[in-house]
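Single-letter residue listing:
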Amino acid sequence: MKKLDLIKTIAENVPASCCVSRCEGDGCKVQLEGMPSHPDRLTITLDCQELGIRHKKRCDYLFIGQTGATTYVALIELKSGKVHSATGVAQQLQGGADLVAARLLPSNASFQFCPVLAHRKGIHRHILKKLRNKKVTLHETTAPIRLVQCDSKLINVFENAG
């Protein structure tokens, strides 16, 4: 499957009403500048009713972008208020991976993967310590949860992931 075909194929399997141009909500956002632009990217809001995943924990967004030989996949959870539980955040991100991302991405796809928690307020050090030990798995790829401030650029998360 050609690189560009991956985005097109995924887009064909997602209701158009679930595809958005921004990652924002609840007083927090993640900037997409520097990431591939349309048509080389797809941002899906996982709160979209047409996805049919009501009453299940999942994160706010799935971002898939391609540039050259690189495919970027990010699961994004936005928190403008207090983060109450590291386990809760990890469950939301893993839910996004299991319920949506794993279904849409071919299991043989090669990608850079970052689960992201964007937050506005400080996180209690006890929760912060637990968050730093949490990981999310998508197909055979396991990655630690990346913590960023609201309004951060998603490209920086990938650049600093190595």
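This one's a predicted model, so the numbers in the text were calculated from it and none came from an experiment.

Chemist: What exactly am I supposed to notice about the state of the cysteines here?
Modeler: Such a bond, covalent and formed between the sulfur atoms of two cysteines, is termed a disulfide. Enumeration according to the criterion identifies two disulfides in this entry. In this model, C18 is linked to C48 through a disulfide, with the two sulfur atoms separated by 2.0 Å. Note on the C18 and C48 pair: the S-S dihedral is about -65 degrees, so by sign convention the disulfide is left-handed. Of this pair, C18 sits in the loop between α1 (3-12) and β1 (19-20) while C48 sits in the loop between β4 (41-45) and β5 (61-67), placing them 30 residues apart in sequence. The exposure class assigned to C48 is buried, which follows from its relative accessible area of 8%. Each sulfur of the disulfide joining C28 and C150 lies 1.9 Å from the other. Across the S-S bond of C28 and C150 the torsion is about -105 degrees, and the bridge reads as left-handed. Pair noted here: C28 is in strand β3 (residues 28-30) and C150 is in the loop between β10 (146-149) and α4 (154-159), with a separation of 122 residues, a long-range link. Each disulfide in the chain links cysteines that, numbered along the sequence, combine into the pattern 1-3, 2-4. Note on C19: no disulfide assigned, nearest cysteine sulfur contributed by C18 at a separation of 6.7 Å.

Chemist: Help me understand the pairing of strand β6 (residues 70-79) in this model?
Modeler: Both faces of the sheet carry side chains from a regular strand, because those side chains alternate between them. The element β6 is extensively covered by neighbouring structure, given that eight of its 10 residues are classed as buried. Connecting β5 to the antiparallel partner β6 that follows it, the hairpin turn spans two residues, and G68 within it adopts a positive phi of roughly 55 degrees. Sheet analysis places β6 next to strand β7 (residues 112-119), joined by eight bridges and oriented parallel. Its bridge partner being in β7, E77 is matched across the sheet by L117. Where the polypeptide runs from β6 across helix α2 (residues 86-104) and back to β7, its parallel neighbour, the crossover connection is right-handed.

Rules used in this analysis
- Throughout this document, residue positions are counted from 1 along each chain, in the order its sequence is written.
- The predicted origin of the model limits local features to residues at a pLDDT of at least 70 and limits the giving and counting of side-chain atom pairs to 80 or more, whereas totals for whole chains, interfaces and linings rest on all residues.
- To obtain the side-chain values, all non-hydrogen atoms of the structure were used and water was disregarded.
- What counts as a disulfide here is a pair of cysteine sulfur atoms lying within 2.5 Å.
- Secondary structure elements follow DSSP: runs of H or I of four or more residues count as helices, runs of E of two or more count as strands, with numbering from the N terminus.
- Exposure is judged per residue with a 1.4 Å probe applied to protein chains only, and the accessible area is read against the type maximum: over 50% gives exposed, under 20% gives buried, and values in between give partly exposed.
- Criterion used throughout: strands pair if DSSP finds at least two bridges between them.
- Consider the strands pointing away from the viewer: the crossover is right-handed when the path from the first strand over the helix to the second runs clockwise.

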